[in-house]
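What follows is the residue order along each chain.
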Amino acid sequence: AQLLVSNLYMFNGRTKKATVIDWENDGAEVELTLDPKYDSAAAEADALFAQARKLRRGSEVVADLLEETAAAWDLLQAGQLDLQSACDGQIVDQ
């Protein structure tokens, strides 16, 4: 999206494809092709930025879920060890 915004001047009403320089990747040439479902390059850039924000929020949610899962896993492992110790103790007592 940033690369598209940096090169909006290259996309007039009829231009749907342009080769641009990506200075953040050692000046590599990148071919940008507009999605026909958008009315303009600016509209596509806005949609891409919105998608990036959504993905960022989603990754934060996933990180929280992974942290909760790890804590639950630790609790289950501790419970399993306690249960194993209790079962081993009963077998020895009999």
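Residues numbered from 1 in each chain as written. Predicted model: local features only at pLDDT ≥ 70, side-chain atom pairs only at ≥ 80, totals over all residues. Heavy atoms only, no water.

Asker: How should the overall build of the chain be read in this particular structure?
Answerer: Along the chain, the regular secondary structure elements total two helices and two strands. Sequence-ordered secondary structure for the chain, helices as α and strands as β, is α-β-β-α. Whereas a compact globule of 94 residues would reach a radius of gyration of roughly 12 Å, the chain reaches 27 Å, over 25% beyond that. Across its three principal axes, the chain shows a C-alpha extent of roughly 85 × 30 × 15 Å. Classification of the 94 residues of the chain by burial places 13% in the buried group. Nonlocal contacts in the chain, meaning residues at least 24 apart in sequence, comprise 30% of its contacts between residues at least 6 apart. Working note: accessible area of the chain is about 7,700 Å², and carbon and sulfur atoms make up 55% of it. Taking the average place of the 8 positive charges on the side chains of the chain and the average place of its 17 negative ones, the gap between the two points comes to 19 Å. (Helix = DSSP H or I, 4+ residues; strand = E, 2+ residues; numbered from the N terminus. Rg over C-alpha atoms; globule rule 2.2 N^0.38 Å. Buried < 20%, exposed > 50% of the residue type's maximum accessible area, 1.4 Å probe, protein only. Contact = heavy atoms within 4.5 Å. Areas by Shrake-Rupley, 256 points an atom, 1.4 Å probe, with all protein chains shown as cover. Lys, Arg positive; Asp, Glu negative; His and termini not counted. Charge placed at Lys NZ, Arg CZ, Asp CG, Glu CD.)

Asker: In this structure, what is going on with the nonpolar core? I would like to understand it.
Answerer: Note on soluble globular proteins: their nonpolar side chains tend to be buried together. In this structure, Leu3, Leu4, Phe11, Ala18, Val20, Leu32, Leu34, Ala41 and Ala45 together form the largest nonpolar core, which totals nine residues. At the level of secondary structure, the elements contributing two or more residues to this core comprise helix H1 (2-6), strand S1 (17-22) and helix H2 (41-93). Beyond its immediate chain neighbours, meaning those up to four positions away, alanine 41 contacts Leu4, Leu8, Phe11 and Leu34. (Core = buried A, V, L, I, M, F, W, Y, C linked by side-chain atoms within 4.5 Å.)

Asker: Can you walk me through the environment of glycine 27 in this structure?
Answerer: Inspection of the secondary structure assignment puts glycine 27 in the loop between S1 and strand S2 (28-33). Judged by relative accessible area, which is 25%, glycine 27 ranks as partly exposed. The residues contacting glycine 27, other than those within four sequence positions of it, are Ile21 and Asp22.

Asker: I tried to follow unusual backbone geometry on my own but got confused; where do I start?
Answerer: If a residue is not glycine, its phi is most likely negative; likewise, a peptide bond is most likely trans. The backbone phi angle of aspartate 26 is positive, close to 60°, even though this residue is not glycine. Here aspartate 26 shows up in the loop between S1 and S2.

Asker: What is the right way to look at the pairing of S1 in this model?
Answerer: A one-sided burial pattern is seen for S1, the buried positions being Ala18, Val20 and Asp22 and the unburied ones Lys17, Thr19 and Ile21. Hairpin connection, S1 to S2: the antiparallel pair is bridged by five residues, and aspartate 26 has positive phi, about 60°. (Pairing = 2+ DSSP bridges.)

Asker: I keep staring at the pattern of salt bridges and nothing clicks. Help me out?
Answerer: Between side chains of opposite charge, a pair can form when the charged atoms approach closely. Scanning the model with the defined rule gives one salt bridge in all. Note that lysine 17 and glutamate 31 form a salt bridge whose closest N and O atoms lie 4.0 Å from each other. With lysine 17 in strand S1 and glutamate 31 in strand S2, the pair connects residues that are 14 residues apart, well separated along the chain. Judged by relative accessible area, which is 49%, lysine 17 ranks as partly exposed. (Salt bridge = Lys/Arg side-chain N within 4 Å of Asp/Glu carboxyl O.)

Asker: Please clarify how a negative patch on the surface should be interpreted in this entry.
Answerer: There is a patch of like negative charges on the surface, built from Glu60, Asp64, Glu67 and Glu68. Mapped onto the secondary structure, glutamate 68 falls in helix H2. (Patch = residues over 30% accessible without salt bridge, like charges linked within 9 Å, V, L, I, M, F, W, Y side chains within 5 Å.)

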